[in-house]
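# Observations on chain architecture
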Amino acid sequence: MERKAYSRNAEEFENLASQEEKKVYAACYHMMGNREDALDCAQEAMLRAFRSFSSFRGDAQFSTWIIRIAMNVCTDALRKRRDAVSLDAMRADQGFDPKDHGPGVYAQLETKERKRLLREALAQLPAEMRQMIVLRDVEGMSYEEVARVLDMPLGTVKSRISRAREKLSTILKKSSELFSSQSV
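Conventions adopted
Residues numbered from 1 in each chain as written. Predicted model: local features only at pLDDT ≥ 70, side-chain atom pairs only at ≥ 80, totals over all residues. Heavy atoms only, no water. Helix = DSSP H or I, 4+ residues; strand = E, 2+ residues; numbered from the N terminus. Buried < 20%, exposed > 50% of the residue type's maximum accessible area, 1.4 Å probe, protein only. Phe/Tyr/Trp six-rings, centres within 6.5 Å; stacked < 30°, edge-to-face > 60°. Lys NZ or Arg CZ within 6 Å of the ring centre and 35° of its normal. Polar contact = N/O pair within 3.5 Å; in protein donor to acceptor, adjacent residues only side chain to side chain. Contact = heavy atoms within 4.5 Å. Expected span 1.5 Å × (residues − 1). Arc of directions from axis to C-beta. Salt bridge = Lys/Arg side-chain N within 4 Å of Asp/Glu carboxyl O.

### A closer look at unusual backbone geometry
- Phi angles above zero are rare outside glycine, and Asp-151 is one such case at about 55 degrees.
- When you line up the elements, Asp-151 lands in the loop between α7 (143–150) and α8 (154–175).
- Judged by its relative accessible area of 57%, Asp-151 falls in the exposed class.

This is how it looks when you write it as structure tokens:
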């Protein structure tokens with residue numbers, strides 16, 4: 001590749017990718033469940049996207065294309081770590097986090113516990129279902145955008161999101177009184 005063309009591609013990629021960095025990280029965070037893995041996956045996604053940028057045809061929006069790469073990176077990472085133990089999860093389970101004695105401490109604890117239970121419930125979902133929940137409910141993508149990111153028919157996306165939500169709701173209802181049938 002000629003040096004000028006490479007420089008132009010790198011500059012163009014940087015301009016586009018800088019606008020999507022936060023979305024890529026957020027999607028990775030919600031898929032992976034912790035900051036360190038999310039940072040690793042986001043970095044890997046950006047690297048993969050840069051390496052394959054010359055093959056980006058522009059059929060889809062750049063944001064859709066790069067989020068799809070991030071989802072694939074996260075899915076690969078989740079497959080690799082299925083049996084690994086998370087130190088962050090152990091720290092949360094063992095109560096090593098500093099105590100907050102400020103106003104509304106019980107409300108803060110309840111909110112923190114809900115978030116922890118939600119992260120754990122998301123982690124129990126198969127990667128494909130987790131992708132659906134993260135893209136639609138966490139990232140706020142439309143059904144059409146999710147369909148483009150995952151390269152699936154719209155009807156398939158809608159039915160899979162519905163099933164994923166049902167499964168997540170079932171997990172949450174079993175896990176705690178913090179998620180009553182009214183709040184899930």
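### Examining the packing of aromatic side chains
- Using the criterion set out here, one finds ten aromatic pairs in the structure.
- Both rings, one in Phe-13 and one in Phe-50, keep their centres 5.3 Å apart while their planes meet at 65 degrees; by these two values the pair is edge-to-face. One end of the pair, Phe-13, is in helix α1 (residues 3–32); the other, Phe-50, is in helix α2 (residues 35–51), and 37 residues separate them in sequence.
- Each residue in the set Phe-13, Phe-50, Phe-53, Phe-56, Phe-62 and Trp-65 is aromatic and connected to the rest through ring pairs, giving one cluster.
- The ring centre of Tyr-143 lies 4.2 Å from the NZ or CZ of Arg-136, which sits over that ring.
- A cation over a ring is seen here: Lys-158 above Tyr-143, with NZ or CZ 5.7 Å from the ring centre.

### With respect to the side chain of Thr-75
- By the secondary structure assignment, Thr-75 is in helix α3 (residues 62–80).
- Residue Thr-75 is classed as buried on the basis of its relative accessible area of 8%.
- A distance of 2.9 Å separates the side chain of Thr-75 from the backbone oxygen of Met-71, its partner in a polar contact.
- Of note is the side chain of Thr-75, whose polar atom sits 3.0 Å from the side chain of Gln-131.
- Those residues in contact with Thr-75, other than ones at most four positions away along the chain, are Met-31, Ala-127 and Gln-131.

### Regarding α2
- Between its terminal C-alpha atoms α2 stretches 24 Å, which fits the 24 Å expected from 17 residues at 1.5 Å a residue.
- What α2 keeps buried is the set Ala-38, Cys-41, Ala-42, Ala-45, Met-46 and Ala-49. Across the axial projection of α2, the buried residues extend over an arc of 140 degrees, all falling on one side. Among the exposed residues of α2, those oriented more than 90 degrees off its buried face are Gln-43 and Arg-51.
- Structurally, the start of α2 carries an N-cap: the backbone nitrogen of Glu-36 is 3.3 Å from a side-chain oxygen of Asn-34.

### A word on the pattern of salt bridges
- This structure, assessed with the given rule, holds eight salt bridges.
- Of the charged contacts in the structure, one is a salt bridge between Asp-76 and Arg-48, with a shortest N-O distance of 3.4 Å. With Asp-76 in helix α3 and Arg-48 in helix α2, this pair connects stretches of sequence that are 28 residues apart.
- According to the relative accessible area criterion, Asp-76 is partly exposed, its value standing at 29%.
- Measuring nitrogen to oxygen at the nearest pair gives 3.9 Å for the salt bridge that ties Asp-151 to Arg-68. Separated by 83 residues along the polypeptide, Asp-151 in the loop between α7 and α8 and Arg-68 in helix α3 bring together distant segments of the chain.
- Of the residues examined, Arg-68 reaches a relative accessible area of 32% and is grouped as partly exposed.

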